[in-house]
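# Summary of the model geometry
So the chains spell out like this:
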Amino acid sequence: MKISIVGSGYVGTTVAACFADLGHDVTNVDIDETVVDAINDGAAPIHEPGLDELIADHGGDRLRATTDYGAVRDTDVTFLALPTPARDDGSIDLGIIEQGARSLGEALAEKNGDHLVVVKSTVVPGTTEDQIAQLLAEASGKDIDEQLHVAMNPEFLREGSAVADFRDPDKLVFGARTEFARDRLRAVFEPLVAESSAATVETGIREAEMIKYANNAFLATKVSLVNELGNVCKEYGVDAYEVAEAVGLDDRISERFLRSGVGWGGSCFPKDVAALVAAARDADYEPTLLEAAVEVNDKQPERMLELLEEHVDPAGERIAVLGLAFKPGTDDVRNSRAIPVVEGLQEHGADVVAYDPVATENMRERFPGIEYADSAGEALDGAGGALVVTDWDEFAALDGTFDAMADSVVVDGRRIVERRDGITYEGLTW
């Protein structure tokens, strides 16, 4: 099948490469010529395990990129995978996806025959039908549910494992209201369904939109709950990980997302929970539990700094921050827990030196004035304290490297460093 995808960010690029690997003919549309050129040259524009190989195999061949929206006319279905960033009040900003919908509609005005537009971006219930579909209809001059069909297919890809998540999904959600849209979505995903054990959920468009928010809100709340329990455990000298391991054996709960630590970040949980809170307030409902989940999450970086201060006065001290990406396996620093940690250290007058295997340049845009090391060892050398924020595997193997610190105080926000003699170790919840 011929597929077009508008947007070449973390979601759009990954989905495009994976669709091409399934045998589809894929065209990526993006306004950034640098990204377009990279894909056509077989180079991934983002860091994501497994993506380099897929784009190297298919870029410029089965997977092509262009800045020309007109290319969508030669495809059977178009996915909108554009950002919906959060405003200051937590509500989502639809400006980018609305402009994309207008440009897409203008291109489809010249197409004969039916076309399916699938919203892949995360949007609150009602957005696809009430706003995106209307923009498409106005720009194309076509009737919705007749020549032009719309659907919602939320993504559940985790950065750092997005390719693996695409290939082996827990579920596929098809939100549609016409049989044409449902049939075309089935055809797009037929090769994936045949290769995986994914459950397929066929539902309405608004239900599909809400499923994504409910999914992320549940997981975010689960992380905050285990962090709250972990904080209580630490006060009583209880190993929170042993507690969580036992709790996770209950099949109603499971062990996934029961690792207490410095909290959740990234592009999805913070934005989606904030959007759901904002939407609830707009409906005159106060989402108390979700607000509490955010509050607990926001306090976790503060706890790291409090634990550091129990052993070291950060003022004037060289303090190492290990890990800048919001999670291992990605170079994405959006809402990384390292951001409030670095800000807190700066407020306390610390001399911050940071290290991350792949995310340094992205974080440098946010904090151009701090020192960035080329290795964990360089960051730790002479440091009076270290904060481990991202659980990269290489940090688990540092061991003797901590001996190069002026004062081996290690606050581990991810329980990846092994506690040993010679280190003043503080686990965030142990």
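Predicted model only: the values in this text are computed from it and were never measured. (Residues numbered from 1 in each chain as written. Predicted model: local features only at pLDDT ≥ 70, side-chain atom pairs only at ≥ 80, totals over all residues. Heavy atoms only, no water.)

### Remarks on the packing of helix H8 (residues 205-235) against helix H10 (residues 269-282)
Rules: Lines fitted to the C-alpha atoms define the axes, with helices restricted to the stretch that makes contact. Angles between their N-to-C directions range from 0 to 180 degrees. Strands here mean DSSP runs of E at least two residues long; helices mean DSSP runs of H or I at least four residues long; both are numbered from the N terminus. Roughly parallel covers angles under 35 degrees, roughly antiparallel covers those over 145, roughly perpendicular covers 65 to 115, and oblique covers all other angles. Here a crossing is called left-handed whenever its near helix is offset anticlockwise from the far helix by less than a right angle, and right-handed whenever the offset is clockwise. Whether two residues are in contact is decided by their heavy atoms: any pair within 4.5 Å suffices. Polarity classes work like this: nonpolar for Ala, Val, Leu, Ile, Met, Phe, Trp, Tyr, Cys and Pro, charged for Asp, Glu, Lys and Arg, and polar for all others, with Gly in that last group.
At a minimum axis separation of 9 Å, H8 and H10 run at an interaxial angle of 110°. Taken together, the axes of H8 and H10 lie roughly perpendicular to each other. Crossing hand, H8 versus H10: left-handed. Within the contact between the two elements, H8 uses Met-210, Lys-212, Tyr-213, Asn-216, Ala-217, Leu-219 and Ala-220 and H10 uses Phe-269, Asp-272, Val-273, Ala-275 and Leu-276. Along the lines of polarity and charge, the residues of the contact of H8 with H10 split into 9 nonpolar, 1 polar and 2 charged.

### Overview of the side chain of Thr-84
We apply this condition: Here's how the labels work: a residue is buried when its accessible area is under 20% of the maximum for its type, exposed when over 50%, partly exposed in between, all with a 1.4 Å probe on protein chains only.
Its location among the elements puts Thr-84 in the loop between strand S4 (77-80) and helix H4 (95-108). A relative accessible area of 4% places Thr-84 in the buried class. When near neighbours in sequence (up to four residues on either side) are disregarded, Thr-84 contacts Ile-92, Asp-93, Leu-94, Ile-97, Ser-121, Thr-122, Val-123 and Lys-271.

### Quick notes on the sheet that holds S4
Defined as follows: A pair of strands is considered paired only if DSSP assigns at least 2 bridges between the two.
Judged by pairing direction, the sheet is mixed, and its 8 strands sit side by side in the order S3-S2-S1-S4-S5-S6-S7-S8 without closing on themselves. Two strands in the sheet have a free side with no partner beyond their single neighbour: strand S3 (63-66) and strand S8 (199-203). In this sheet, neighbouring strand axes are inclined to one another by 25° on average, regardless of whether the strands run parallel or antiparallel. With 4 bridges connecting them, strand S1 (residues 2-6) and S4 associate as parallel partners. Note that in S4 the partner of Ile-3 across the bridge is Val-77. Each of S1, strand S2 (25-29), S3 and S4 touches helix H1 (residues 10-21); the most contacted strand, S2, lies at about 165° to it. Along the sheet, H8 makes contact with strand S6 (148-152), strand S7 (171-176) and S8, crossing S7 at roughly 145°.

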